[in-house]
Amino acid sequence: RSGELEIRDGVTGDLLYIDESRRQLFNLAWSPDNERLAIAQIDGLAIFNTTTQSVETVLDVPNNRIRGIAWNSDGTRLAVTSFDDPRNLNSQQGVNIWEVTNDGFQELIYFGSPAFSVEWSSDSSQLLVADTLANGTFILDVARLGAIVHRFNDGGARRAGFSPDGTMVATL
């Protein structure tokens, strides 16, 4: 049942919730408090409340494929990467940082570089982004509005991750 949202008990394996809406779903990320899931769907990003088992808010992102989603450490911000067919002239692919509130999303930073994955540093001050094209893998400084701090892998990468202590970066 690929593409359906299922939430299961991690100990027993019991099914707790299933979304059978038949939307195309691509990726998800748990909030640090386990109360919300950010879900990438074909036309945007939904925030699903696991307590009420309902969608809190939806961000429309037409003509884009959200590839990477990551919550910051306190669950107030989402970093989202998108990558679309480069021939799609209506696409605004890249890296977005959104403030997530009960009322919806507020864009804080946009960095126009198609990307596959994103990960916050443990203190949420930086983002590690795997870009498939010209920018390679890079680290953005969130406080400096997305200024590039370091750049690696000029040929691009599909995945990247910080080590748990933040002293190393791995890419593929």
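Residues numbered from 1 in each chain as written. Predicted model: local features only at pLDDT ≥ 70, side-chain atom pairs only at ≥ 80, totals over all residues. Heavy atoms only, no water.

S.K.: Describe a positive patch on the surface, naming the residues involved and giving the relevant values.
M.R.: Taken together, the side chains of R65, R67, R158 and R159 make up a positively charged region of the molecular surface. With respect to the helices and strands, R65 occurs in the loop between β6 (54-60) and β7 (66-71). (Patch = residues over 30% accessible without salt bridge, like charges linked within 9 Å, V, L, I, M, F, W, Y side chains within 5 Å. Areas by Shrake-Rupley, 256 points an atom, 1.4 Å probe, with all protein chains shown as cover. Salt bridge = Lys/Arg side-chain N within 4 Å of Asp/Glu carboxyl O. Lys, Arg positive; Asp, Glu negative; His and termini not counted. Charge placed at Lys NZ, Arg CZ, Asp CG, Glu CD. Helix = DSSP H or I, 4+ residues; strand = E, 2+ residues; numbered from the N terminus.)

S.K.: Account for the pairing of strand β12 (residues 126-131), with residues named and values stated.
M.R.: The buried fraction of β12 is high, at five of six residues. Across five bridges, the pairing between strand β11 (residues 115-120) and β12 is antiparallel. Paired with V118 across the strands is V129, a residue of β12. Between the end of β11 and the start of β12, which pair antiparallel, lie five residues, with S124 showing a positive phi angle near 60 degrees. Inspection of the sheet shows β12 paired to strand β13 (residues 137-141) by five bridges, in the antiparallel sense. Residue pairing for β13: V129 is matched across the bridge by F138. (Buried < 20%, exposed > 50% of the residue type's maximum accessible area, 1.4 Å probe, protein only. Pairing = 2+ DSSP bridges.)

S.K.: Help me get a handle on the packing of aromatic side chains, residues and values and all.
M.R.: Here the structure, examined in full by the defined rule, presents two aromatic pairs. An angle of 40 degrees between the planes, with centres 4.8 Å apart, marks the rings of Y17 and F48 as tilted. Here the residue Y17 occupies a position in strand β2 (residues 15-19), and F48 occupies one in strand β5 (residues 44-49), the gap between them amounting to 31 residues. By relative accessible area, Y17 is classed as buried at 17%. Here F48 falls in the buried class, since its relative accessible area comes to 2%. When the ring of W98 is compared with that of F105, the centres are 6.1 Å apart and the planes differ by 80 degrees; the resulting orientation is edge-to-face. Residues W98 and F105 agree in their burial class; the two are buried. One cation-aromatic arrangement involves R158 over F116; the distance from NZ or CZ to the ring centre is 4.5 Å. (Phe/Tyr/Trp six-rings, centres within 6.5 Å; stacked < 30°, edge-to-face > 60°. Lys NZ or Arg CZ within 6 Å of the ring centre and 35° of its normal.)

All quantities given are derived from atomic positions and should not be read as evidence of function.
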